[in-house]
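So you can see what is in the structure, the chains are spelled out below.
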Amino acid sequence: MKPLGISGAKRSPLVPGLPTVAESGVPGFVSDTYFGVCVPAGTPPDIVLRLNRDINRILESPDFREKLASLGAEPVGGSPEKFAAEIRNETAKWSRVIKDAGAKLG
């Protein structure tokens, strides 16, 4: 197999010679993988903020950053509002792709 491109917005430090899909001829293509922590609706704001603060602190840990880098991942962190906006944006983006493709479940 020959890789054609990295699906993210920027090249991977693990394979810096491999261009992004956008660089390979599909302008604007970005499909990142991300992980986040969600809590049930109605979780008290002080709990949400404490979890967010503690998770962001862990994401800044040199040991944690090094481990993620070895896996080709980059910790981002941020606020609950930023993550909620990311989820909304990704949902809108991929909903449009699914609709335009005419994809159906089962």
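Sequence order as written defines the numbering, with residues in each chain counted from 1. Under the rules for a predicted model, residues below a pLDDT of 70 receive no local features and side-chain atom pairs below 80 are neither given nor counted, while totals for whole chains, interfaces and linings still include all residues. The side-chain numbers reported here are obtained from all heavy atoms of the structure, hydrogens and water having been left aside.

Structural notes on a nonpolar patch on the surface
Reasoning step 1: Put simply, a patch holds well-exposed residues, over 30% relative accessible area, that have no salt bridge, with like charges counted together within 9 Å and Val, Leu, Ile, Met, Phe, Trp or Tyr side chains within 5 Å. Per-residue and other accessible areas follow the Shrake-Rupley method at a 1.4 Å probe size, with only the shown protein chains counted as cover for residues. Within this document, salt bridges are pairs made up of a side-chain nitrogen of Lys or Arg and a carboxyl oxygen of Asp or Glu, the two lying within 4 Å of each other. A contiguous nonpolar patch, built from V37, V39, I47 and L51 and spanning about 300 Å² of accessible area, is present on the exposed surface.
Reasoning step 2: Examined against the element boundaries, L51 turns out to sit in helix α1 (residues 45–59).
Reasoning step 3: Judged by relative accessible area, L51 falls into the partly exposed class, the value being 37%. What counts as a helix is a DSSP run of H or I of at least four residues, what counts as a strand is a run of E of at least two, and both are numbered from the N terminus. Any residue under 20% of the maximum accessible area for its type is buried, any over 50% is exposed, and the rest in between are partly exposed; the area is computed with a 1.4 Å probe on protein chains only.

Considering the side chain of S12
Reasoning step 1: Looking at the element boundaries, S12 is found in the segment before α1.
Reasoning step 2: Pairing of N or O atoms within 3.5 Å defines a polar contact, subject to two protein rules: one partner must be a possible hydrogen donor and the other a possible acceptor, and residues neighboring in sequence count only if both atoms are side-chain atoms. A polar contact of 3.1 Å, which involves the side chain of S12, links it to the backbone nitrogen of L14.

Quick look at the environment of S7
Reasoning step 1: Summarising the element assignment, S7 is placed in the segment before α1.
Reasoning step 2: Taking the C-alpha atoms as reference, S7 lies 18 Å from S95; in sequence the two are 88 residues apart.
Reasoning step 3: Sequence-distant contacts of S7, that is, excluding residues within four places in its chain, are made with V21, F29, V30 and S31. Only heavy atoms enter the contact rule, under which two residues are in contact if any of them lie within 4.5 Å.

Some thoughts on the side chain of T20
Reasoning step 1: Inspection of the secondary structure puts T20 in the segment before α1.
Reasoning step 2: According to the relative accessible area criterion, T20 is buried, its value standing at 4%.
Reasoning step 3: Residues in contact with T20, not counting those within four places in the same chain, are G5, I6, G8, A9, K10 and R11.

Everything listed here is a matter of coordinates, which is why it stays silent on function.
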